[in-house]
Amino acid sequence: MSWLWAIIVGLVLGVIARAILPGKQDIPLWLTTVFGILGSILGNAVAGWIGVRDTDGIDWTRHVLQLIGAVAVVGVGDMVWQSVKGNRNKRQRT
């Protein structure tokens, strides 16, 4: 069941991260989900490092860190995906 939640959270975080980033990200939905999962893991790690991983009630700080991690991973991952696919020169930046 934890894998299902990881996929759902990864999808939600990845889609939100794509909406936050300016311009169009030309990555497929499955890769958006993977990047969202990786961003969630990164955010959880940072939350653990700064001591806010487990708090009483809703862990807003951890969730914000997960979203920040997803934005970073989607942004970098999109650039890597474009360079691998060879579309870097075709992409228009705003």
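Residues numbered from 1 in each chain as written. Predicted model: local features only at pLDDT ≥ 70, side-chain atom pairs only at ≥ 80, totals over all residues. Heavy atoms only, no water.

Q: When you look at a nonpolar patch on the surface in this model, what are you seeing that I'm missing?
A: Together, Leu4, Trp5, Ile8, Val9, Val12, Ile16 and Ile20 give the surface a local cluster of nonpolar side chains, amounting to about 610 Å² of exposed area. Among the structural elements, valine 9 can be located in helix 1 (residues 2-20). (Patch = residues over 30% accessible without salt bridge, like charges linked within 9 Å, V, L, I, M, F, W, Y side chains within 5 Å. Areas by Shrake-Rupley, 256 points an atom, 1.4 Å probe, with all protein chains shown as cover. Salt bridge = Lys/Arg side-chain N within 4 Å of Asp/Glu carboxyl O. Helix = DSSP H or I, 4+ residues; strand = E, 2+ residues; numbered from the N terminus.)

Q: Explanation requested: the pattern of salt bridges in the structure shown.
A: Side-chain pairs of opposite charge can arise whenever the charged atoms involved come near each other. Within the structure shown, the criterion is met by 2 salt bridges. The partner of lysine 24 in a salt bridge is aspartate 26, with the nearest N and O atoms 2.9 Å apart. Take lysine 24: its relative accessible area is 58%, and that puts it in the exposed class. Overall, the relative accessible area of 34% leaves aspartate 26 in the partly exposed class. The shortest N-O distance in the salt bridge between aspartate 59 and arginine 62 comes to 3.1 Å. The pair formed by aspartate 59 and arginine 62 is uniform in burial state, with each residue classed as buried. (Buried < 20%, exposed > 50% of the residue type's maximum accessible area, 1.4 Å probe, protein only.)

Q: I would appreciate a short explanation of the nonpolar core in the present structure.
A: If you look at soluble globular proteins, the nonpolar side chains tend to sit buried side by side. Leu13, Ala17, Leu21, Ile27, Leu31, Phe35, Ala70, Val71, Val73 and Val74 form the largest nonpolar core, which has 10 residues in total. For this core, the element with the highest residue contribution is helix 3 (residues 60-85), accounting for 4 residues. When sequence neighbours within four positions are dropped, the list of residues in contact with alanine 17 reads Leu67, Ala70, Val71 and Val74. (Core = buried A, V, L, I, M, F, W, Y, C linked by side-chain atoms within 4.5 Å. Contact = heavy atoms within 4.5 Å.)

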